Amino acid sequence: MTALDFKMLIVLLKLEYDRLEELSGQGKFHKVSRKKMLGLFEKYSGTKDDNLLFESLKRLAKFIIEFYYVDKGKREVVEGVASLLELQRRTNEEDEEEQYFRFRFADGLVPILINPKLFSILKVPLILEMRSKYTIALYQILVRHAEMKYQPFIEAEIDEWREWLKVPISDKKNSPWRSFSAFRQKVLEVAITELNGKSSGSVAKKISFARSTVY
């Protein structure tokens, strides 16, 4: 995913969050106007080309998701594979105002997407202003722990952080995936600096590093 793709996914979820469950299983599409979408991205990200937005939507539609969750009501374990998004762009040649995107998420993903701990607390304007995809990923991780006063830190192995932040796997010696110093310099420090710079307060107040663990 690119930074634009991360932003696009969050925007789609936030715009239609309240209707995800309502439309699930009915074969119905969510609808958002080109004007509204472009207005959001132009205001906060400076993106003025709706073709770039459409290319981002197409990339999201090509993602294949493996999912797993427990349906407590039916006492069932649900496992599956699905395309993240089904997508259409509708254009009316006689009326430029009648241009819009239609999309829907796979029904099997909806029980996961409506989990309020995942997406509902994210701030769209803040995310749209971010330039690095690693900043967006780090924000999504940290914001869920912001109210956990009994454990105001996250501890994980380096490989877990690489996976959470979606660092591409590469065999190059200077790849952030292979080298700890490159991972720290090119991913973590970039994300922390941008996130704290755009937040009203310091989100990542103190980050300590070890060769095996990141706090």
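In this text the structure is predicted, and so the values were computed from the model without any measurement. (Residues numbered from 1 in each chain as written. Predicted model: local features only at pLDDT ≥ 70, side-chain atom pairs only at ≥ 80, totals over all residues. Heavy atoms only, no water.)

Caption draft 1: Broad picture of a nonpolar patch on the surface. Residues Tyr68, Val70 and Val77 make up a contiguous nonpolar surface patch of about 310 Å² in total accessible area. As for its placement among the helices and strands, Tyr68 is situated in strand E2 (residues 64-71). (Patch = residues over 30% accessible without salt bridge, like charges linked within 9 Å, V, L, I, M, F, W, Y side chains within 5 Å. Areas by Shrake-Rupley, 256 points an atom, 1.4 Å probe, with all protein chains shown as cover. Salt bridge = Lys/Arg side-chain N within 4 Å of Asp/Glu carboxyl O. Helix = DSSP H or I, 4+ residues; strand = E, 2+ residues; numbered from the N terminus.)

Caption draft 2: Geometry of the pairing of E2. Sheet topology places E2 next to strand E3 (residues 76-83); eight bridges connect them, and they run antiparallel. The residue of E3 that forms the bridge with Val70 is Val77. What sits between E2 and E3 in their antiparallel hairpin is a turn of four residues, with Arg75 showing a positive phi close to 55 degrees. (Pairing = 2+ DSSP bridges.)

Caption draft 3: Examining a negative patch on the surface more closely. There is a patch of like negative charges on the surface, built from Glu155, Glu157, Glu160 and Glu163. The topology assignment puts Glu160 in helix H8 (residues 158-164). (Lys, Arg positive; Asp, Glu negative; His and termini not counted. Charge placed at Lys NZ, Arg CZ, Asp CG, Glu CD.)

Caption draft 4: Just the sheet that holds strand E1 (residues 30-33), in detail. Across the sheet, which stays open at both edges, the three strands sit in the order E1-E5-E4 with antiparallel pairing between neighbours. The open sheet terminates on both sides in strands that have one partner only, identified here as E1 and strand E4 (85-91). In this sheet, neighbouring strand axes are inclined to one another by 20 degrees on average, regardless of whether the strands run parallel or antiparallel. In terms of strand pairing, E4 meets strand E5 (residues 99-105) through seven bridges, oriented antiparallel. The partner of Leu85 across the bridge, within E5, is Phe105. Set on the sheet, helix H1 (residues 3-16) makes contact with E1, E4 and E5; between it and E5 the angle comes to about 90 degrees. Helix H3 (residues 34-45) contacts E1 and E5 of the sheet and is inclined by roughly 65 degrees relative to E1. (Axes fitted to C-alpha atoms, helices over the stretch in contact; angles between N-to-C directions. Contact = heavy atoms within 4.5 Å.)

Caption draft 5: Molecular detail of helix H9 (residues 180-198). Over its 19 residues, H9 runs 26 Å from end to end, which matches the ideal 27 Å to within 8%, given 1.5 Å per residue. Residue Leu188 marks the point of greatest curvature in H9, where the axis turns by about 30 degrees. Taken together, the buried positions of H9 are occupied by Phe180, Ala182, Phe183, Val187, Leu188, Ala191, Ile192, Glu194 and Leu195. (Expected span 1.5 Å × (residues − 1). Bend = angle between axes of the 7 residues up to and from the residue. Buried < 20%, exposed > 50% of the residue type's maximum accessible area, 1.4 Å probe, protein only.)

Caption draft 6: View of helix H7 (residues 133-143). Taken across its eleven residues, H7 has eleven buried, putting it largely inside the fold. Along H7, the residues that are buried comprise Lys133, Tyr134, Thr135, Ile136, Ala137, Leu138, Tyr139, Gln140, Ile141, Leu142 and Val143. Taken together, the buried residues of H7 touch H1, helix H6 (124-129), H8 and H9.

Caption draft 7: Representation of the pattern of salt bridges. Per the counting criterion, the structure on display carries seven salt bridges. Of the charged contacts in the structure, one is a salt bridge between Arg162 and Asp159, with a shortest N-O distance of 2.8 Å. With Arg162 and Asp159 both in helix H8 and three residues apart, this pair spans about one turn of that helix. What makes Arg162 buried here is its relative accessible area of 6%.

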